[in-house]
Amino acid sequence: MKIFIDSAKLTEIEEAYRCGVCDGVTTNPSLIKAAASEGGSDLEEYIKKILTTARGTPVSLEVTEYTFEGMVAQGRKLYKKFNPVAENVYIKIPVNPSFEGEGGREFEGISAIRVLAGDGIPINCTLIFTPEQALMAAKAGARIVSPFAGRIDDLIRKRAEVKFEKADYFPTEGLEGFDDDGVVSGIDLVAQIVEIFDSHGIEAEVLAASLRGSRQVRDAALAGADIATIPMYVMRDMLVHPKTREGMRGFLEDTIPEYAALGE
Ligand code: G3P
């Protein structure tokens, strides 16, 4: 499974690449907002630095328009402006950008994907909450589909009136008696998409997004996700175990100077 960093903060992205585990970057307007104070006034230059840092690996940049015409025009502009920097831009398009009460606009996301993919622009289709949305996105030409695992867990826990913190672990099997139209957890959503894509030979990659804990990353890997996009705090958590720390302390205490000197 590939590991992407889910962040627009250059400091975090640099750190993830420095330690050698990072295969790509995902951003969205909320992550850009969170990085804006670090980025200073020249956002364009800041994004270019992100692209250079991630050289050779995909970086998703999301559109902020929400009509078919707007998303196509903005997707093309973003790609033209940023892809030449390091040839690694994916344009992120929401699967359905319509708002409540706006019937008739449901196809605008996948229609934009069709046009942009037809231009040869790699697309990451975002805000996926059902296997059917993933199927439609892949059929339209998305190279990556992004189910939001954590947010499905939020929805199910709210329905079950369970108190929770954002990063609390939610098991793949969910809570008995609660689901979202046959999906029992975020990881179940990922698993169902993986199964459908595998059994129908669909080549789009399944990117597990909205992951909030280290065990959830493990569950995404077990579910067969091609990619997991992970915030920095979760990446750190993936390396932490009290017995690792205890063992480390023991090795340090037992180190005899003669042995340490061999590595000097
Ligand atoms: O990759 C999508 C992600 O940024 C959303 O995460 O935790 O806000 O649901 P979250």
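Computed from a prediction, not measured in an experiment: that's the story for all the values here.

Draft legend 1. Here's a closer look at a nonpolar patch on the surface. On the surface, Met 238, Leu 239 and Val 240 cluster together into a nonpolar patch covering about 290 Å² of accessible area. Mapped onto the elements, Leu 239 comes out in the loop between α10 (232-237) and α11 (242-254). Overall, Leu 239 belongs to the exposed group, its relative accessible area being 73%.

Draft legend 2. Seen up close, the site of the ligand. Every residue near the ligand is listed here: Asp 6, Asn 28, Leu 31, Phe 148, Arg 151, Lys 166, Ala 209, Ser 210, Arg 212 and Thr 229. Between the ligand and Asn 28, the relevant distance is 3.2 Å, taken from an oxygen atom to a side-chain nitrogen or oxygen of the residue. In this structure, an oxygen atom belonging to the ligand sits 2.7 Å away from a side-chain N or O atom of Arg 151. Taken by itself the ligand offers 310 Å² of open surface, and the protein chains cover 87% of this. Of all the cavities here, the one that holds the ligand is the largest pocket.

Draft legend 3. Structural context of the layout of surface pockets. Looking at the largest pocket, its volume works out to about 420 Å³. In terms of lining, the largest pocket is formed by 23 residues, of which the most central are Asp 6, Asn 28, Leu 31, Lys 166 and Pro 231. For the lining of the largest pocket, the secondary structure elements donating two or more residues are α2 (29-39) and α10. The leading source of residues in the lining of the largest pocket is α2, at three residues. Of the residues contributing to the lining of the largest pocket, the split by class is nine nonpolar, seven polar and seven charged.

Calculation notes
- Residues numbered from 1 in each chain as written.
- Predicted model: local features only at pLDDT ≥ 70, side-chain atom pairs only at ≥ 80, totals over all residues.
- Heavy atoms only, no water.
- Patch = residues over 30% accessible without salt bridge, like charges linked within 9 Å, V, L, I, M, F, W, Y side chains within 5 Å.
- Areas by Shrake-Rupley, 256 points an atom, 1.4 Å probe, with all protein chains shown as cover.
- Salt bridge = Lys/Arg side-chain N within 4 Å of Asp/Glu carboxyl O.
- Helix = DSSP H or I, 4+ residues; strand = E, 2+ residues; numbered from the N terminus.
- Buried < 20%, exposed > 50% of the residue type's maximum accessible area, 1.4 Å probe, protein only.
- Near = heavy atom within 4 Å.
- Polar contact = N/O pair within 3.5 Å; in protein donor to acceptor, adjacent residues only side chain to side chain.
- 1 Å grid on protein atoms, 1.4 Å probe; cavity = no way out; pocket = protein on both sides within 12 Å on 5 of 7 lines; lining within 4 Å.
- Sits in = over half its atoms within 2 Å of the grid points.
- Points joined across faces, edges and corners; volume = space filled by probe spheres on them.
- Nonpolar A, V, L, I, M, F, W, Y, C, P; charged D, E, K, R; others polar.

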